[in-house]
2 protein chains.
Amino acid sequence: MDARHGDAVPAGTRRPVDQTAMRAHNLGLVLRYVRDHGSCSRAQIGAATRLTTPAVTKIVADLLRRGLLEETGPVQVRGRGRPASMLRLHGRGLTAVGVEIRVDHVGVLVRDFAGTELASGRRPLSVDPSPRAAVRMAAALVDEALDRSGRADAVGCGVALPALVDAHDGTAVGAHWASWNGVPIRDLLADALGERCGVLGLDSAARLAALATSRLGEFRGSHQLVHLEVGAGAGVGATTGGALFTGAHGYAGAFGHIPMDPRGPVCTCGGAGCLNAIIGFPAFARDLGDQAGADECVDYARYAQEVAARIRAGDATAREAVERLGRWLGRAVAILVNLLDPDTVTVGGYVLHLQPWLMDAARAEVAARVRSLGWPGGRLEASPLTDQAALLGAVTLALEHVFADPTTVAATAAQGSSGRRTR
Amino acid sequence: MDARHGDAVPAGTRRPVDQTAMRAHNLGLVLRYVRDHGSCSRAQIGAATRLTTPAVTKIVADLLRRGLLEETGPVQVRGRGRPASMLRLHGRGLTAVGVEIRVDHVGVLVRDFAGTELASGRRPLSVDPSPRAAVRMAAALVDEALDRSGRADAVGCGVALPALVDAHDGTAVGAHWASWNGVPIRDLLADALGERCGVLGLDSAARLAALATSRLGEFRGSHQLVHLEVGAGAGVGATTGGALFTGAHGYAGAFGHIPMDPRGPVCTCGGAGCLNAIIGFPAFARDLGDQAGADECVDYARYAQEVAARIRAGDATAREAVERLGRWLGRAVAILVNLLDPDTVTVGGYVLHLQPWLMDAARAEVAARVRSLGWPGGRLEASPLTDQAALLGAVTLALEHVFADPTTVAATAAQGSSGRRTR
């Protein structure tokens, strides 16, 4: 399905490959290898990518010229022959910005090209903010953070949103706040962030959490990863080989309004028994008998932590509510497993804080639903990136175009504080 | 997600592109263009693929030498300049075989490389056949049909199965007949069909119906197509840009055991309210008050046609049962739409014969479930390939390796009755 964040060489059937595309593909191949494997030698790159030795030499020289790789001192590799000069991503060159606009806060993270954090920022967001206000706060935080980072500008900026983005016109759809739907969020962000932020990428928080979880931490390298983010509602991101699935219009993963129970509670959309109306945070608070928690804007994470404390103190009612939540979560995950056959399913959001009572109930439900199929298995776990997943996904997205096609960064970049883009 | 039937140039991050891979990619690009657009000139190929004129000339000469294209007389193209020599797929060279092993019959279709039918065959299958018996019957039908076609052998054979196939070990999983699960169906088919059939491909009937529907007929060229096949149970196939999504283990699309109703009928798997237990054929017959129809092996298509006749004669009870089926079908499709964001959803199986009363009920349910999202739309229709979809998908699969990499067919093929494979 649509691999939005892909390769320089197209998987599709439309574009021919010429010498330029071939070079871009192979440069990207080597650069991504170094990103994913850390410090390595030219010989290791050659062995892993099956590029010839002269090809690796030439490509590495090119990437060094562009300031994307740097050489560190010679290191003895497993006692074989001469010490090899090691390569790694070059931190001093390019700068990446990640932004998350979530239900209750805006967060910003500035990193160098090697992944080192340079600056970060976070501000609470007012209840039901206008898109313009949220975007303005994000832009102000980015400016502040970039100033503190000592970098003049960034090569790219990724933004995680509490909404999907229409692939055609860049408007927000299925947003947490109904007033955001139809708003030209891509244009608003492009205007507010400006040239200083480089190439703009934006996507839903659920999808970017999936992207990060497939690339970083314990589940890095999962072939088929599905991430279920549970906040006020439920959203899904799916990656294959680290590339996001987006659907025909950019709407894939709108999991909140799938019908789970024909006799279930009525959802905000008017439908009966939507997943949102069952496992969204307000439904959970209501199931705990807490109508105020369901109606008011609360800090979901703190609320869930308080519920966890109550369960630890022996509150059986709270425990049962969490186990009920876990069974519903498991039924939702069973749909994802049966349909998408992932090797890894991760969850994020407020449910992260309820794991000890939630996950076993969820896993039992999944197992019951895939037993007849003899599903060869896979894991259902909390995302190891916890509540940082979406923001880490945003900063990952910021650099996708560079790793897809390193030739977009001019060779002069090595001299400047950030890469100058050639297109 | 995993595009099993892809391109010569990998979308992944592992393989480098060299001159050989580049040539294979560009040959495939041109060959697929001719397949998808019919008779066309070199200039049209160049304009569509953005390959240069000398590159097109060279690639076309190569494809002519391999016997994959043929030239037809010069034709005046839109009054521009000299008449152009037209190109089309060369039928006389390669032969493709499609096989379907379905619940009640085995079918075979032999086509030439240009898509012209050379021979076909069909035999009823006994109730609950052993895999070995079904495979043997398929092999006998293939031999007969190849003999009648006048072709010595085939370049490839695709097989549609009433099961998924484990991508790792080639065993059947989630099969219609429980006794098939765990059977090494890939090996059985390879042994029975033998060298004469060329490269073997196999996949579930639902997936191959999706493949065919995305490539042939009215919905050809759908970017994101999802096909829901409803027989004894429900199976799903999804394609992006015409490439099938397979999941991490080859199990994607096992849609029959998703939980649709926690208080619904108990499924054969033991779970409550699985989709199979609600919209599978036995459940439909039972809903019509026909326990015998539910328990015995009947011809689903004929049964559905009889129900349609009853409704036309004024049977309100039957009509209500079909509308109920339509609403459940719509809820299942709503899950597919919300999660996968297709531009086209097609259905196949016994429900094809109930369209006049089924589809409106289904569409209304989908609309209700995507309204809040403002889904930009897409169609929900019966597959225009009707009950031929899976078999057409099988014969399409038979040729995938040639269109992915035409260099696997030796230049000498033009002389022989079938392509000799070079790898």
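Parameters at a glance
Residues numbered from 1 in each chain as written. Chains lettered and ligands numbered in written order. Predicted model: local features only at pLDDT ≥ 70, side-chain atom pairs only at ≥ 80, totals over all residues. Heavy atoms only, no water. Least-squares fit on C-alpha atoms with pLDDT ≥ 70 in both. Phe/Tyr/Trp six-rings, centres within 6.5 Å; stacked < 30°, edge-to-face > 60°. Helix = DSSP H or I, 4+ residues; strand = E, 2+ residues; numbered from the N terminus. Buried < 20%, exposed > 50% of the residue type's maximum accessible area, 1.4 Å probe, protein only. Lys NZ or Arg CZ within 6 Å of the ring centre and 35° of its normal. Contact = heavy atoms within 4.5 Å. Buried area = accessible area lost by both parts, 1.4 Å probe. Salt bridge = Lys/Arg side-chain N within 4 Å of Asp/Glu carboxyl O. Polar contact = N/O pair within 3.5 Å; in protein donor to acceptor, adjacent residues only side chain to side chain. Pairing = 2+ DSSP bridges. Axes fitted to C-alpha atoms, helices over the stretch in contact; angles between N-to-C directions. Core = buried A, V, L, I, M, F, W, Y, C linked by side-chain atoms within 4.5 Å.

Engineer: Can you walk me through the relation of the copies chain B and chain A in this structure?
Structural biologist: Put simply, the two copies of the chain differ by a rotation about an axis and a shift along that axis. Each copy superposes on the other: chain B lies on chain A with an RMSD of 0.0 Å after a rotation of 180° and an axial shift of 0.0 Å. Taken together, the rotation and translation describe the operation of a two-fold axis.

Engineer: Just checking my understanding: could you explain the packing of aromatic side chains for this structure?
Structural biologist: One pass over the structure, following the stated rule, counts 14 aromatic pairs over all chains. Ring geometry for A:Phe281 versus A:Tyr300: centroids 4.2 Å apart, planes at 20°, classification stacked. Here A:Tyr300 lies in helix 10 (residues 300–312) and A:Phe281 lies in helix 8 (residues 281–287), a separation of 19 residues in the sequence. When the ring of B:Phe113 is compared with that of B:Phe403, the centres are 5.1 Å apart and the planes differ by 15°; the resulting orientation is stacked. Here B:Phe113 is found in the loop between strand 5 (105–112) and strand 6 (117–124), whereas its partner B:Phe403 is found in helix 14 (residues 400–404), with 290 residues between them in sequence. In this structure B:Phe113 comes out as buried when scored by relative accessible area, which is 2%. Residue class for B:Phe403 comes out buried when judged on its relative accessible area of 4%. Seen from the ring of B:Trp328, B:Arg331 lies directly overhead, with NZ or CZ sitting 4.4 Å from the centre.

Engineer: Would you mind showing me how to read the interface of chain B and chain A here?
Structural biologist: A common measure of how large an interface is: the accessible area buried when the components associate. In this assembly, 73 residues from chain B lie in contact with 73 residues from chain A. Summed over both partners, the interface of chain B with chain A comes to about 6000 Å²; 60% of that surface belongs to carbon and sulfur atoms. Across the chain B-chain A interface, the total number found is 2 salt bridges. Across the pair B:Arg263 and A:Asp261 runs a salt bridge, and its minimum N-O distance is 2.8 Å. In this assembly, chain B and chain A are joined by 18 residue pairs in polar contact (both at pLDDT 80 or more). Among the secondary structure elements, those contributing two or more residues to the side of chain B that touches chain A are helix 1 (19–37), helix 2 (42–49), strand 12 (234–240) and helix 11 (316–340) of chain B.

Engineer: Would you explain the pattern of salt bridges in this entry?
Structural biologist: Residue and element names in this part refer to chain B. Inspection of every chain in the model, using the stated rule, returns 42 salt bridges over all chains. Between Glu70 and Arg92 there is a salt bridge; the shortest N-O distance is 3.6 Å. A residue pair is termed long-range when its members are at least 10 positions apart, and Glu70 in strand 2 (residues 69–75) and Arg92 in the loop between strand 3 (84–89) and strand 4 (95–101) qualify at 22 residues. For Arg92, a relative accessible area of 58% corresponds to the exposed category. With its nearest N and O atoms 3.0 Å apart, the salt bridge here joins Glu100 to Arg102.

Engineer: So what exactly am I meant to see when it comes to the sheet that holds strand 12 of chain B here?
Structural biologist: Whether parallel or antiparallel, the strands of a sheet pair through hydrogen bonds between backbone atoms. Residue and element names in this part refer to chain B. The 5 strands are arranged 13-12-11-14-15 in an open sheet whose pairing can be described as mixed. Sheet topology places strand 13 (243–244) and strand 15 (379–382) at the edges, where each strand pairs with a single neighbour. Where strand 11 (residues 224–230) meets strand 12, 7 bridges bridge the pair, whose relative direction is antiparallel. Paired with Val230 across the two strands is Ala234, which belongs to strand 12. Its contacts with the sheet place helix 11 against strand 11, strand 12, strand 14 (344–349) and strand 15, and it is angled at close to 155° to strand 11.

Engineer: It is not clear to me how the nonpolar core should be interpreted in this structure. Could you clarify?
Structural biologist: Across soluble globular proteins, nonpolar side chains show a tendency to be buried alongside one another. A:Phe255, A:Tyr350, A:Leu354, B:Phe255, B:Tyr350 and B:Leu354 are the most contacted members of the largest nonpolar core, which has 110 residues in total. Excluding residues within four positions of it along the chain, B:Leu354 makes contact with B:Phe284, B:Ala304, B:Val307, B:Ala308, B:Val322 and B:Leu325. Membership of the second largest hydrophobic core comes to 45 residues, among which are A:Leu63, A:Phe113, A:Leu391 and A:Ala394.

So, to be careful, I would describe these as geometric facts and stop short of saying anything about function.
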